[in-house]
Amino acid sequence: MKMRALVKKYPERGLWEEMVDVPSPKEGEALIKVHKVAICGTDVHIYDWNDWAKATIKTPMIIGHEYVGQIVEINGHSKSFNVGDIVSSEGHVVCGKCRNCRAGRFHLCPNTEGIGVNRTGIFAEYACIPLSNLWLCDPSIPEEMYAIFDPYGNATHTALSFEMVGEDVLITGAGPIGIMAAAICKHVGARNVVITDLVDYRLDLAKKVCPSVTAVNTGKVSIDEVKQSLGMKEGFDVGLEMSGNAKALNSMIDNMIHGGKIALLGIQNPGTVVDWNKIVFGCLKIKGIYGREMFETWHKMTTMLQSGLDISSVITHRLNFDDFEKGFELMLSGNSGKIVLSL
Ligand code: NAD
Ligand code: ZN
């Protein structure tokens, strides 16, 4: 049987829709009929064929890792899943053998493989996924939300890294992940949540998703002015770096309270410079974030949606799978939030 798939066929800009064989699940895998997928910044890098993609992606390969679908076949035995279940899945496949895996700290596995990056992805009508990566969807949550659980998980993992109740939070970068993080911080009880960007479309979207956030274009207004207008006497208690931009990172370091905590999700360019002495004398705590905690982050994502967190308007475009090129160009323009493609 054949299926439609988006294949990174050649080592050059673009993505090609092809008819390929439906895969067969190996032992310990499920075959998923994919319902909806979402485009990640990583997919855009692969589409655009930047230096990271050139160094990382082996063509030809089906890419994509954000999705929701239905189990149509299971190869092996599963206590947790049945044919017919609606599932999403963790995009990082871990080794299960290393020290961290054996200790249950799967997100710290050094042998992690990314679905749609280091192994076959899910931009296709069917995909094979290890049973250990699947997440059972709650039918009370709209199915399309599960198509963005992967980036919502990045936002959750980062935002829940430090104590939030009553804290003042600075988020640099109002991409989809920064915006979702802002809504999470408010949901779990932060006081002031300030989100910065240089693009008004993104800041307007942040206000739409989370009306109580303070959205600031730092190309026009300084963080100092914002602190004053909020009546903040000292710096931010928590910083979530979600832009991958060195200027934003340095401005965050400049605006933290002594002893403040910073979580770094944004991927900085190699050789990025910060003034380490500001971290030393400010007694700042810095934590790197990669992926999601398996599966505590997934649990929290579910329970926060069940307890009233609404991030649905971060999905700004819904397109047909065959119109993927339009979706990628929209992502590249910066004038979008999450884009969901339906099969
Ligand atoms: P995105 O590119 O959509 O958003 C980044 C935003 O930062 C953009 O809106 C951009 O305008 C803004 N920005 C650029 N320079 C800025 C500055 N000086 N000040 C304030 N804002 C600025 O990305 P996203 O999908 O929301 O992801 C956020 C970041 O997290 C990216 O760097 C991405 O590569 C990274 N990421 C990391 C992981 C991980 O596991 N560590 C996972 C997913 C994404
Ligand atoms: Zn491991």
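These numbers were taken from a predicted model, which means no experiment stands behind them.

(A) Broad picture of the overall build of the protein chain. Counting its regular elements, the protein chain contains twelve helices and 18 strands. Compactness check: the protein chain gives a C-alpha radius of gyration of 20 Å against a globular reference of 20 Å for 343 residues, within 12% of the reference. Taken along its principal axes, the extent of the C-alpha atoms in the protein chain is 65 × 40 × 40 Å. With 343 residues in all, the protein chain has 53% of them scored as buried. Sequence-distant contacts in the protein chain: of pairs separated by 6 or more residues, those separated by 24 or more amount to 66%. Accessible surface, the protein chain as shown: approximately 15300 Å² in total, 51% of it carbon and sulfur. Looking at charge distribution, the protein chain has the averaged site of its 34 positive side-chain charges lying 3 Å from that of its 39 negative ones.

(B) Highlighting the coordination of the zinc ion (ligand 2). Each protein donor to the zinc ion (ligand 2) is listed here as Cys95 (SG), Cys98 (SG), Cys101 (SG) and Cys109 (SG); together their distances run 2.2 to 2.4 Å. Angles of 101 to 119 degrees at the metal separate the four donor atoms of the zinc ion (ligand 2), which places the site in the tetrahedral class.

(C) Here's a closer look at the site of ligand 1. Around ligand 1 sit 22 residues in total, of which Asp197, Arg202, Asn245, Ile289 and Gly291 are the nearest. Leu265 is positioned such that a nitrogen or oxygen atom in its backbone is 3.2 Å from a nitrogen atom of ligand 1. Between ligand 1 and Gly291 there is a distance of 2.8 Å, counted from an oxygen atom to a backbone nitrogen or oxygen. For ligand 1, the accessible surface in isolation is 860 Å², of which the surrounding protein chains cover 78%. For the shell around ligand 1, the residue count by class is eleven nonpolar, nine polar and two charged.

(D) Structural view of the pairing of strand S3 (residues 29–38). Of all ten residues making up S3, seven are buried, and the element is well covered by its neighbours. Judged from the nine bridges that link them, S3 and strand S5 (residues 66–75) form a sheet pairing that is antiparallel. Bridge pairing in S5 links Val34 to Gly69. Direction of pairing for S3 relative to strand S18 (residues 338–342): antiparallel, over a ladder of three bridges. Bridged to Ala38 within S18 is Val340.

(E) Local environment of the packing of helix H6 (residues 176–187) against helix H7 (residues 200–209). Packing of H6 against H7 brings their axes to within 9 Å, and their N-to-C directions diverge by 30 degrees. It follows from the interaxial angle that H6 and H7 lie roughly parallel. Considering the relative orientation of H6 and H7, their crossing is right-handed. Contact residues: H6 offers Pro176, Ile179 and Ala183, while H7 offers Arg202, Leu205, Ala206 and Val209. Class assignment of the residues belonging to the contact of H6 with H7 gives a composition of six nonpolar, no polar and one charged.

(F) View of the environment of Leu6. With respect to the helices, strands and loops of the structure, Leu6 is situated in strand S1 (residues 2–8). Taking relative accessible area as the criterion, Leu6 reaches 0% and is therefore assigned buried. It is 21 Å that separates the C-alpha atoms of Leu6 and Ile315, two residues lying 309 residues apart in sequence.

(G) Seen up close, the sheet that holds strand S13 (residues 214–217). With parallel pairing, the six strands of this open sheet are ordered in space as S13-S12-S11-S14-S15-S16. Two strands close off the open sheet at either side, each with one partner strand: S13 and strand S16 (285–288). Sheet twist, expressed as the mean angle between neighbouring strand axes with direction ignored, is 20 degrees. Looking at chain direction, strand S11 (residues 169–172) and strand S14 (residues 236–241) are connected through four bridges and run parallel. Its bridge partner lying in S14, Leu170 is registered against Gly239.

(H) Focus on the pairing of S11. The side-chain alternation of S11 yields two buried faces, one formed by Val169 and Ile171 and the other by Leu170 and Thr172. Where S11 meets strand S12 (residues 193–197), four bridges bridge the pair, whose relative direction is parallel. Its bridge partner lying in S12, Ile171 is registered against Ile195. A crossover links S11 with its parallel partner S12, the connecting element being H6, and its sense is right-handed.

(I) A look at the packing of aromatic side chains. With the rule as written, the count across this model stands at eight aromatic pairs. For the pair Tyr47 and Phe328, a centre-to-centre distance of 4.6 Å together with 20 degrees between the ring planes defines the contact as stacked. Separated by 281 residues along the polypeptide, Tyr47 in helix H1 (residues 41–48) and Phe328 in helix H12 (residues 324–333) bring together distant segments of the chain. Accessibility assignment for this pair places Tyr47 and Phe328 in one class, buried. Measuring from ring centre to ring centre gives 6.0 Å for Trp135 and Phe295, while their planes differ by 10 degrees; the resulting arrangement is stacked. On the criterion of sequence distance, the pair formed by Trp135 in strand S10 (residues 134–136) and Phe295 in the loop between S16 and helix H11 (296–306) is long-range, its members being 160 residues apart. Relative accessible area serves as the criterion here: at 17%, Trp135 is assigned to the buried category. On the basis of relative accessible area, Phe295 is assigned to the partly exposed category, the value being 25%. In this structure an aromatic cluster arises from ring pairing among Trp135, Tyr146, Phe149, Tyr152, Phe295 and Trp298.

Conventions adopted
- Residues numbered from 1 in each chain as written.
- Chains lettered and ligands numbered in written order.
- Predicted model: local features only at pLDDT ≥ 70, side-chain atom pairs only at ≥ 80, totals over all residues.
- Heavy atoms only, no water.
- Helix = DSSP H or I, 4+ residues; strand = E, 2+ residues; numbered from the N terminus.
- Rg over C-alpha atoms; globule rule 2.2 N^0.38 Å.
- Buried < 20%, exposed > 50% of the residue type's maximum accessible area, 1.4 Å probe, protein only.
- Contact = heavy atoms within 4.5 Å.
- Areas by Shrake-Rupley, 256 points an atom, 1.4 Å probe, with all protein chains shown as cover.
- Lys, Arg positive; Asp, Glu negative; His and termini not counted.
- Charge placed at Lys NZ, Arg CZ, Asp CG, Glu CD.
- Donors = N, O, S within 2.8 Å, 3.2 Å for Na, K, Ca; no water.
- Tetrahedral: all angles 85-135°; square planar, octahedral: opposite > 155°, others 65-115°.
- Near = heavy atom within 4 Å.
- Polar contact = N/O pair within 3.5 Å; in protein donor to acceptor, adjacent residues only side chain to side chain.
- Nonpolar A, V, L, I, M, F, W, Y, C, P; charged D, E, K, R; others polar.
- Pairing = 2+ DSSP bridges.
- Axes fitted to C-alpha atoms, helices over the stretch in contact; angles between N-to-C directions.
- Parallel < 35°, antiparallel > 145°, perpendicular 65-115°, else oblique.
- Left-handed = near helix turned anticlockwise from the far one by under 90°.
- Right-handed = clockwise from strand over helix to strand, strands pointing away.
- Phe/Tyr/Trp six-rings, centres within 6.5 Å; stacked < 30°, edge-to-face > 60°.

Honestly, that's just the spatial picture; any functional story needs more than this.
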